[in-house]
Amino acid sequence: MGEPPRGPTTIGRATNSRKEIVMNRLKMGMRGKIVLTTALVAVLGVACIAILLTLQAAQGLTDTAKQVLARTAGQEAEHVNGEFARAITASRSLARTTLALKSTDAASRPAFEAILKNEIEPETNWFGIWGTFEPNAFDGKDADFAGKDIASSVKSNGRYVPYWYRTDDGLTLDKSYDFDTSTNPLDYYNVPMQSGKLHVTNPAGWNFGTDADPHIVWLVSFCVPVIENGKAIGVTGIDFRMAELLGYFDKLRPMGARRAALIDAAGNWATNPNKD
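Throughout what follows, the structure given in this document is the object of discussion. (Residues numbered from 1 in each chain as written. Predicted model: local features only at pLDDT ≥ 70, side-chain atom pairs only at ≥ 80, totals over all residues. Heavy atoms only, no water.)

Here's the deal with the packing of aromatic side chains
- Enumeration according to the criterion identifies 21 aromatic pairs in this entry.
- For the pair F112 and F133, a centre-to-centre distance of 5.9 Å together with 70° between the ring planes defines the contact as edge-to-face. With F112 in helix α2 (residues 109–120) and F133 in strand β1 (residues 128–133), the pair connects residues that are 21 residues apart, well separated along the chain. With respect to class, F112 is no different from F133; both count as buried. (Phe/Tyr/Trp six-rings, centres within 6.5 Å; stacked < 30°, edge-to-face > 60°. Helix = DSSP H or I, 4+ residues; strand = E, 2+ residues; numbered from the N terminus. Buried < 20%, exposed > 50% of the residue type's maximum accessible area, 1.4 Å probe, protein only.)

Describing the pattern of salt bridges
- In the structure shown here, the tally under the stated rule is 5 salt bridges.
- Across the pair R86 and E123 runs a salt bridge, and its minimum N-O distance is 2.6 Å. Of this pair, R86 sits in helix α1 (residues 8–103) while E123 sits in the loop between α2 and β1, and the two are 37 residues apart along the sequence.
- The exposure class assigned to R86 is partly exposed, which follows from its relative accessible area of 37%.
- In this structure E123 comes out as buried when scored by relative accessible area, which is 18%.
- Residue R109 pairs with D142 through a salt bridge whose shortest N-O separation is 2.7 Å. Here R109 is found in helix α2, whereas its partner D142 is found in helix α3 (residues 142–145), with 33 residues between them in sequence. (Salt bridge = Lys/Arg side-chain N within 4 Å of Asp/Glu carboxyl O.)

Right under this line is the structure:
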């Protein structure tokens, strides 16, 4: 028997089936697109939130690090300022002591040198202690010491310039400035003499040797003018050796692995963890 003829009814059903299949596929495609778009939006949203949280966390860590560094810097600055404040107080005390000795006509050079030595002996962080006076300003007796090889006086005129400083062998008495031969900087003296105020020097290299055999020591000096009847007659002060400050800052480790440095008033590196 042959196949039954395809009449209009059979062809219509086939056509309707194809349309349904196409429509279903179209519906599935639209649903897939909607689902895919929704998924992408969700992924992007999660990614944005993750980035935002990461940035917030990083900012939080940065702020915490800044706070720790600021606190550490403040603590170390207080330590250094405390050391410096004690040196300034001692320098001012020496200026007042000088005036007290002069007011009672008891300005004795050996007595003043003993006072200087007693001040520096217990202060192991101080490198030197000194006075530099105008000619005849301390006791009016420069002529008695002129032409003599005396550790604390300028040989040519007897000017009084006592200085105790530390060596490997202990404390040594010398001149704070030898006006006959020295080529060291005089800012430590000239600035407070002219201003009549406390002066803290920037780090300066001082030659404790000779021109032929120099021995340079870098110092920071705290200098107080001695004012008598409104006129500066000399300067007293304390010296810190930069080697000690360098050693102190070199040992600092902020936050465990960081390094610390000290910058002077002129903006120069006074201490720098980079040895180069």
